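Spelled out, the chains give:
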Amino acid sequence: AQSVTQPDIHITVSEGASLELRCNYSYGATPYLFWYVQSPGQGLQLLLKYFSGDTLVQGIKGFEAEFKRSQSSFNLRKPSVHWSDAAEYFCAVGGRDYKLSFGAGTTVTVRA
Amino acid sequence: DVKVTQSSRYLVKRTGEKVFLECVQDMDHENMFWYRQDPGLGLRLIYFSYDVKMKEKGDIPEGYSVSREKKERFSLILESASTNQTSMYLCASSSPGADTEAFFGQGTRLTVV
């Protein structure tokens, strides 16, 4: 069975500081990995995805993520956080059956 | 601009009522999904459909059913609503392929009293 663990429920970061959100997955074959963001009152928006090739992937809004097969991780990073990055972030893993399994989410608070 | 539209943002229903949540997408996507979102649990898949009239159970199908009579519309049905079905419900759609992006609606917050 596939699953995703996001160890951090809530992270507070200062504006301009760097951000890293952790994601560990469990999947029996080659995983398809995604990071989504949900702003308050909104649906989910795709930040980036990985399914093959370069293990460092770039996404929208200045985010990047690195796939590490040996650690079963897909951590999300941003070098300098903006107040508009305050949101809930979800890591997801999928496979060829089109089913996405999501983590519990990490809420990011940005302080001035 | 791609769009997944859920018919209601907020719903309040009574225990035992039959509840319909509607979702329409305008992207001609084959795949459609219903998730429920609860604090601390993330999104959990209820049902998905990869074609008209086709459906498959997700991880938590108990107490729910779905209908997909047309490609663009995917309905979630609560046959007899219960208080433990109070939640945020999210609809999504995607084109075929495990690496494709899922597009989400804004969600329906259902309260069962």
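Structural notes, computed from the coordinates.

1. Considering the layout of surface pockets
Point 1. Here the second largest pocket is characterised by a volume of approximately 450 Å³.
Point 2. Considering the residues around the second largest pocket, the lining is formed by 25 residues, among which Gln38(A), Glu88(A), Phe90(A), Gln37(B) and Arg109(B) are closest to the centre.
Point 3. Elements with a contribution of two residues or more to the lining of the second largest pocket: strand E10 (87-94) of chain A together with strand E4 (31-38) and strand E9 (87-94) of chain B.
Point 4. In terms of residues, the lining of the second largest pocket owes the most to one element, E10(A), which gives three residues.
Point 5. Tallied by class, residues from the lining of the second largest pocket come to eight nonpolar, 13 polar and four charged.

2. So, the interface of chain B and chain A
Point 1. At the junction of the two partners, chain B supplies 23 residues and chain A supplies 22 residues.
Point 2. Of the roughly 1,800 Å² buried at the junction of chain B and chain A (both faces included), carbon and sulfur atoms supply 57%.
Point 3. The interface formed by chain B and chain A includes four residue pairs in polar contact (both at pLDDT 80 or more).
Point 4. Elements with a contribution of two residues or more to the side of chain B that touches chain A: E4 and strand E5 (42-49) of chain B.

3. So, the side chain of Arg68(B)
All names here are of chain B.
Point 1. For Arg68, the location among the structural elements is in strand E7 (residues 64-70).
Point 2. Only 3.1 Å separates the side chain of Arg68 from the backbone oxygen of His29, close enough to count as a polar contact.
Point 3. Not counting residues within four places of it along the chain, the set of residues in contact with Arg68 comprises Gln25, His29, Glu30, Asn31, Met32, Ser49, Tyr50, Asp51, Val52, Lys53, Arg73 and Phe74.

4. Thoughts on the sheet that holds E7(B)
Residue and element names in this part refer to chain B.
Point 1. Reading across the sheet, the four strands line up as E1-E3-E8-E7 and stay open at both edges, with antiparallel pairing between neighbours. Both outer strands of the open sheet, strand E1 (4-6) and E7, are each paired with one neighbouring strand and no more. Averaged over all pairs of adjacent strands, the angle between strand axes in this sheet comes to 20°, irrespective of strand direction.

5. Comments concerning the environment of Pro39(B)
All names here are of chain B.
Point 1. Structurally, the position occupied by Pro39 is in the loop between E4 and E5.
Point 2. Relative accessible area serves as the criterion here: at 81%, Pro39 is assigned to the exposed category.
Point 3. Placed 49 residues apart in sequence, Pro39 and Met88 show a C-alpha to C-alpha distance of 9.6 Å.

Conventions used here
Residues numbered from 1 in each chain as written. Chains lettered and ligands numbered in written order. Predicted model: local features only at pLDDT ≥ 70, side-chain atom pairs only at ≥ 80, totals over all residues. Heavy atoms only, no water. 1 Å grid on protein atoms, 1.4 Å probe; cavity = no way out; pocket = protein on both sides within 12 Å on 5 of 7 lines; lining within 4 Å. Points joined across faces, edges and corners; volume = space filled by probe spheres on them. Helix = DSSP H or I, 4+ residues; strand = E, 2+ residues; numbered from the N terminus. Nonpolar A, V, L, I, M, F, W, Y, C, P; charged D, E, K, R; others polar. Contact = heavy atoms within 4.5 Å. Buried area = accessible area lost by both parts, 1.4 Å probe. Polar contact = N/O pair within 3.5 Å; in protein donor to acceptor, adjacent residues only side chain to side chain. Pairing = 2+ DSSP bridges. Axes fitted to C-alpha atoms, helices over the stretch in contact; angles between N-to-C directions. Buried < 20%, exposed > 50% of the residue type's maximum accessible area, 1.4 Å probe, protein only.

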